[in-house]
Every structure is written in structure tokens, then in C-alpha cells.
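# Examining the three-dimensional arrangement
Next come the chains, spelled out residue by residue.
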Amino acid sequence: MKWFICLLLFSFGNTYGQNAQSFNAADLSVQWEVVENNYKGKREFLSAFTITTKSPLPKEGWSIFFNFPRMIASQSVSSGMQIKHINGDFYQLSPASAFAGLAPPDSLQVSFVAGAWAISISDAPAGLYMVWNDQPTKGISLTNYTVKPTTEPKQYMRYAGDKMGLATPQKTFEQNSKTADITEKDLGKVFPSPAFYKEQAGFFTLSNNFSVVTKSADGFASESSYLDKELRKFFQGKNGNGGKQIFLTKSQAKGEAYELKVTPDAITISAGTPKAIFWGIQSLKTLIPPQSYKGDQTVIAIPAVTVVDSPRFGHRAFMLDVARNFHSKQQVLKILDLMSLYKLNVFHFHFSDDEGWRLEIPGLPELTEVGARRAHAVNDDNFLHPSFGSGPDFTAQGTGYYSKADFIEILKYAKERHIDVIPEIETPGHARAAVAAMTARYNRLLKAGKRVEAEQYLLYHPKDTSVYKSVQRWYRNVMDPSLPSTYAFLEKVTDEIRLMYKAAGAPLRTIHFGGDEVPGGVWRGSPAVKALMQKNASVKTIDDLWYYFYGNINNMLQRKGLYLYGWEEIGMRKTRLDGKAHVLPNPDFANQNMHVDVWNNVIGWGAEDLPYQLANAGYKVVLSPVSNMYFDLAYEKSFYEPGYYWGGYLDVDKPFYFIPFDYYRNSTEDINGNPVTAAYFNGKERLTDYGKQNIPGIQGLLWSETLKNAQQLEYMLLPKLLAVAERAWAKDPDWATHKDSVKADQLYRMDWSRFANVLGKRELPRLDHYAGGFEYRIPAPGVIVKGGSVAVNTQYPGLLIRYTTDGTEPSFNSLPYAQPITVKGKIKIRLFNQKGRGGRSVEVVN
């Protein structure tokens, strides 16, 4: 993942006589707050912990551990405390010699300085727990921990002149007011938008008395069975005989093109391939009225339509990170159901990273015994230390993996839904979990006197003295490309993965081998690297190790009939221009069907044209830009809005207005909120017609650092994923290419209004029930007080508005909003979906 970080801390202390047996951690309360961003005019911030205790806290003998997404300046810690950075986002707070202890009812404020800034709840320390020196292996969670909201500009503005203000009800109202309210009967009923759609007179009435008809010679038996099961769900699985018929027929259409015809008498889906038939089935499912998904229906009226359709891109992807925080097999299957409904056909499975390895590999048990478990640990020999607030115990957030049987089940489930699963093995960086696991294996076998076996899959030279720290503050997290055992490990994992795909009967065309964010300083102290450079003339510098490594991986995959896929860095070469460091597309790997996910187009960082550079140079580029496709970025700037914002803020409009072949056109501001005009992109490389042929598709990505459970995952995922589905499937919209900017803006507003209404009135109500229901984000309302009345609107017309005038939190049963409110005083307003689940409320004074 690409994010830039810094850190905070906190502390306790005072008295005597306490130890692990006598001190009750429930007596300890901790509150953290941001004191000031832009501290002393620098891009740093001051924050503080306030600690209170009901029992005496001794001057020594204890520590508090926590995770924190910022780098703390250890010399800045106040009140006689000290903070030690352990690895990654993991810190230890303990008393220094100047600390005298803390006696009740006194409190202690511990301030410290950390890099960059802190704005939202996701910036706060997390997972606090206490460890006593006399019981060093036992961590005790501190449950009385709170974060104080930021309210003053010095707490939420990042630096002097920061253009990015807080989201307010007034700003939201103004933004929402640009969206027209379109009646549901005037909305298209198939989503994503098909190439051709025309409604006809009448309805096909579906009851449980139906049959799906197909010829065995057409090869659609699996799709026929799937459709029958999907439609039976509306009728609680009840079977009927005869009745109306749904035909799946073979046509001469190519690839993923299909035709759907619904008349009052029959439904016919025709296509030339099983995959295209399946997409036609999904269009039929979105044609069904959303309220029918509640289940237990008697009759469903399906509008008569003609749809002729095919996708814009063949690669329509979603990447899920299950390494940083684990997500269950059931959740993965649910996401595959969601993807298939919206015709996304590639699941990028990011199962390994610094903080976890989540896939069982036969013959390498340490990968899951060590790499898939997180808890309080003295070292990494048994399991990994906590990350992202996972705490001292083995929890579902930090601990978990997919067994071989689980993974095969996932592959079969995806195959039935015509989704290709691309597994990612993070290499050579972002590999702390793998490195720790194989080091534990090495230590175990070495202790047993089995040196040769111990060194077979070693990823890190035991005598490597390299000093480095990754952007996420990890050290010893990079595989050594000079060790033959590194390649033995990667080939072993590759072969075991291939066997799982074979057992599932699922296609495997590529494996993603990472390649991002390898820090400077790596490998310089490795004896194996020095030996390689002496005997291999092609490896003259440390930079050459990169090309050596990926050359070996590329050759290994080609031998197995696979192509290499990775992050953008695998296609880059380091050089110098006018005496300064410079990178450019590596000609050595160009035109070899090497696929790259290009993430770094951050507006304002200088590499805005990197995706187009690589595509023009002959790399297959899957557009995965931070600016428009990183779902883990917070929706808006608000203390209560979860998610990071290092790449800006990302609401559903950003993936919607993304123009794949010319995203400069719709880039209006940089990462810091400064306005950007077309002149900003002068001198940036544009995408050529040849380059367009090298863009197989686009990808939405969800990194999981802040996602501790399924609810948080679905909140960040939806409805952003629907915008990616629209942009990946639907034809290039007129507003993306129109020469007249005024007319293009008018066309965009019309298209956005259509999309927002489809979300609010059709797709979100459908997702309330589909696949068990999704907890998508319900936004805060837009509110404006003007002329003695309070007007309210919503981002997605169709959401329900409720309000109170007595200061209580609005519920689904509160007063419904129908016209501007004229009651004086405090008014609380909140949006709800049709099931009664609400979003965050806002309060105004009339």
C-alpha cells in the first residue's frame, strides 16, 4: 500500500508496590488529543495523552504498547516518559528514570511531537495494552481509552495556507443541490449502463412456477443452474413446474457481448460464450425491482426491455487486502457475489504483506503459524507483534488465514461467477510476515542440526547489516534477491498455488509479485549481495539487483506458462538526468506482456503521467490510481470519517468521473486542495493510440489498515465500487470527450444525476438485502439555514430524511422531512435507508 506516515505516543507513572498481580488495568484511563498541527511552523504536530488512575502507578516496572500511524520524535516525549519504536506502527511507552510515579487522583499529560499531521479518528493511537516486567509475555488491554475530537482550526488544518477545509453541512448541501431528482420510472433499470437499452410495453410476471431452458450443446448448463438457484431465492427456494420460460441460447456474438430480451411471454438471453451469458443473467437480476430482494415473493413484475451490451474493458478488477487486517472466507465469498452482480471479473487477492501472510502453503507451516498470527510477542519466532490496533490477544482482526480447502472453495466460487482470481505474493518488499516466518523456520531447523534444510527457503541473510526503514517504518521486511533460497521459496509457493488452482479447476494466467515501496538502504550490508556482485557482471550496483530479481521471477513464470504482474515499480528503471535521480520505463521488460498496476499518479507529486508513460512504452497497464481508485481513502475531511487521506479524499464521484484515457481532463485540484488547470499538465506525457491498446482495464482497491471488521470494510467499499463498475463496463461517456467544456460539464451533471438516482432508488435498496445485505456508507445530510428555515438534501435521492427538534438523536421513526423546517432552535437531521439503518447526524440552529 502507498501511504506516508508519522507517529504519536503516551505515558503513565507514579508510586510503589504495584505489579501485574495487584494493579487493575481497569483503573487506568487514557485520553489522546491533537494539540496542534503545523507545530512551530514545521510539518509536524503536537499531541498528548492524558492519563488518570484510581490506583497508584509505580515509577517503573511496566510498559504500554500501542500502534500509531505516525513517526514519533522520541526526544520530544514529556513528563519523564520514553517511547521506543519497535517495528512498523508498533511502539512501547515506558517510564524513564525521571518519572516518579502517579498517585490518584492526579493525572499526567504526556505530550510528544510526530511527523506530518493528524486530523481524523484514524490518526489516533490504537490497541493500547499494558505489560508488567514481572510478566513480560502477558498483555492486558486498556479498555478505558478515548480520543478527543478536534474542534479548532489549529487541530484540523494541516499547515498554514491549507486549502482543504472541513466538510460542513452547508458545503454538502451546495454539492448535493447540483444533483437533479429523477423519478424512478425514468431511470434505466439495468446497471452498469448497457450499450443499448430500450424499454418495451408490459411486464414478464415471474413466479416460482418457471423453468430455465438451454440446449446441452450450447454449453450453458452451469449458467442455467446458477440462474435457477438465484431466482428461486426470491420465493424462499420453492420449486414450481412448467410455467413461463427463460431461455439461454447460443448466438454468434463474440467475447463478453450478450443480448437480453424480456417480453410479457418469455425472457431470452443470447450470447456466444458462457461468460457473456452470465453477464446477461446479472443484467436480468438488476432489472428485477429492488424491493423484490427482500425475499418471500409471490409474483415479480420484470419490465419488458431489449438490451444489447458488451463491456468497454476486459479487465474489470477489485483488489482486496486481507493481509493488513484479516477478513473471513465468508466475507470474501460475499464480495465475489457483489462483484459478479456488477460484472467485475478480476479479483486481485492481496494475501501477503508486512503484517500478515494469509494463505496456507503445504510444506511451509510457519507461513501461517507465525505469519498469520498477531499478538503480544517478545520476538517474531512464534507469531507477529500487533499492528493497526489488533491488541495483545489473537483476534479475528489480526489473526487468521485461508486453509488450502478454503482457498480452493474461493476459487471454485469465483469460477462459477466468471471471476479470475489473481493471487499476490508481495516481493521483495512488504514481506515482513514471510521473512519472519522463514527466519523462524531457519532457527527451528538449525537448532535441530539441519543446516541445509534450514537454509532452503531463507529470505534474509543472518549476517545482513543493512540499515533501512520502509515508508511504513518496517525494517527487515525485504527479501534478499541474491539468495538462491529466495527463489526456491517463491517457486515453492508458486507451485503450491498452481496445484490449488488445478484442484479447483480454475484458470491461472498470472501471479502478482508485488514490487512496491522497497526502501533505500536495503541489501548494502548483505554478504550474499557482495558475493553476487563479484561474480555476476550484470549486477554492478544495488539498483541492478532489482532487474536481476524480476528477470529471474519473469523467467520462472514464463517456464510455467504464466505472465508477470506487479506494481508499477517492476517496470521502472533508475537512472540519472542532469546529475539528478530519474526513473523511466525499463526497456528490458517492455513488450513482454508484463502487467503493472500503476498507483502513483498523485496530483502534485510530479508523476501524474506515469500510467501513460508505461502504457506508451509497451507495458500492459491496469489503471489503479490513488487519485480515483483507492477506496481506503476517507470520503471527506471530518474527524469522524474513517480512512487515511495521504492521497487525498475520495468520495464516490472520483471513480465515477475518472476518464481512463485522459484523466488530466477531470483533475481539478491537487492532493492539498490547490486548484489545478489544464496548464498544470503541460509537458506531461499523454496517452497515444498505441498506449490505449496497452490498457486492459481499471481496478478499484481497498487496503485494510483501518478495516477491523466486515462493517468497516463494507462502509469503505460501497458505494464506491459501483462507480468503478460503471466506468469499467459502460461505454466512454459523451462528457469525457466533448470538445466544448461548458457542454461537457452539462452532460456530466446529467450523467451524475442519473447515476446518483440509480444508487439511491435502485442499487442501494437492492444491496440492503442482496447476499445477506451490505452496510454501505449512508452519508451525512446536506443542510442549509436560510431565511428562517432549514433546507435538507441528500447525496443520493431516495435516502430517507428524518429530524428531531428536541435535541434527541433522530431515529427511523422520527419526523420525516418533506419541506424546509421552520421550527426554531436546535435541529438534528439524519439520513436512513429503507431498512431503517442511519448514517451520521448533523445539528444546526435555526
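Preceding block: the structure.
Computed from a prediction, not measured in an experiment: that's the story for all the values here.

The secondary structure content of the protein chain amounts to 19 helices and 33 strands. Along the first, second and third principal axes, the C-alpha atoms of the protein chain reach 85 × 75 × 60 Å. In the protein chain, once contacts between residues fewer than 6 apart in sequence are set aside, the share between residues at least 24 apart is 76%. Per element, the accessible surface of the protein chain, about 31900 Å² overall, is 51% carbon and sulfur. Distance between charge centroids for the protein chain: 1 Å, based on 95 positive and 84 negative side chains.

Below, the discussion takes up the sheet that holds strand β30 (residues 800–804). Read across the sheet, four strands follow the order β31-β30-β32-β33 without closing on themselves; strand pairing throughout is antiparallel. This sheet does not close on itself; its edge strands, each paired only once, are β31 (815–816) and β33 (842–845). With five bridges joining them, β30 and strand β32 (residues 826–832) adopt antiparallel strand pairing. Along β32, the bridge assignment pairs Y803 with I829.

With respect to the helices, strands and loops of the structure, F66 is situated in strand β3 (residues 62–67). A relative accessible area of 0% places F66 in the buried class. A C-alpha to C-alpha distance of 6.8 Å links F66 and G389, two positions 323 residues apart in sequence.

Here we come to the packing of aromatic side chains. Aromatic ring pairs are defined here through the distance separating the ring centres and the angle between the ring planes. Under the counting rule described, the total for this entry stands at 53 aromatic pairs. With centroids separated by 5.4 Å and ring planes inclined at 85°, the aromatic side chains of Y663 and Y664 adopt a geometry described as edge-to-face. Of the residues examined, Y664 reaches a relative accessible area of 5% and is grouped as buried. With 6.0 Å between their ring centres and 70° between their planes, F812 and F832 make a pair best called edge-to-face. Of the two residues, F812 is situated in the loop between β30 and β31 and F832 in strand β32; the sequence distance between them amounts to 20 residues. We classify F812 as partly exposed; its relative accessible area is 30%.

A few words now on the pattern of salt bridges. Taken as a whole and judged by the stated rule, the model has 46 salt bridges. Salt-bridge contacts for E409 lead to K329; the nearest nitrogen and oxygen are separated by 2.7 Å. Here the residue E409 occupies a position in helix α7 (residues 404–416), and K329 occupies one in helix α5 (residues 329–341), the gap between them amounting to 80 residues. On the basis of relative accessibility, which here comes to 33%, the residue E409 falls in the partly exposed class. The class for K329 is buried, based on a relative accessible area of 16%. Salt bridges linked by common partners bring D321, R324, D353, E355 and E705 together as one network.

With that settled, the discussion passes to the pairing of strand β7 (residues 126–132). Extensive coverage of β7 is indicated by the burial of seven of its seven residues. Sheet topology places β3 next to β7; five bridges connect them, and they run antiparallel. Its bridge partner lying in β7, I64 is registered against M130. In the sheet, β7 pairs with strand β8 (residues 140–141) via two bridges, with the strands oriented antiparallel. Each residue of the ladder has a partner; that of M130, found in β8, is I140.

Along the chain, P104 connects to P105 via a cis peptide bond; the corresponding omega equals 5°. Topologically, P105 is positioned in the loop between β5 (90–95) and β6 (107–115). Backbone torsion omega between T427 and P428 reads -25°, so that peptide bond is classified as cis. Looking at where P428 falls in the secondary structure, it is placed in the loop between β20 (420–424) and α8 (432–447). Even without being a glycine, D578 presents a positive backbone phi close to 55°. Residue position: D578 is located in the loop between β23 (572–577) and β24 (580–585). Since its relative accessible area comes to 74%, D578 is described here as exposed. The residue A771 is not glycine, and still its phi comes out positive at about 55°. Mapped onto the elements, A771 comes out in the loop between α19 (741–767) and β28 (782–786).

Criteria and thresholds
- Residues numbered from 1 in each chain as written.
- Predicted model: local features only at pLDDT ≥ 70, side-chain atom pairs only at ≥ 80, totals over all residues.
- Heavy atoms only, no water.
- Helix = DSSP H or I, 4+ residues; strand = E, 2+ residues; numbered from the N terminus.
- Contact = heavy atoms within 4.5 Å.
- Areas by Shrake-Rupley, 256 points an atom, 1.4 Å probe, with all protein chains shown as cover.
- Lys, Arg positive; Asp, Glu negative; His and termini not counted.
- Charge placed at Lys NZ, Arg CZ, Asp CG, Glu CD.
- Pairing = 2+ DSSP bridges.
- Buried < 20%, exposed > 50% of the residue type's maximum accessible area, 1.4 Å probe, protein only.
- Phe/Tyr/Trp six-rings, centres within 6.5 Å; stacked < 30°, edge-to-face > 60°.
- Salt bridge = Lys/Arg side-chain N within 4 Å of Asp/Glu carboxyl O.

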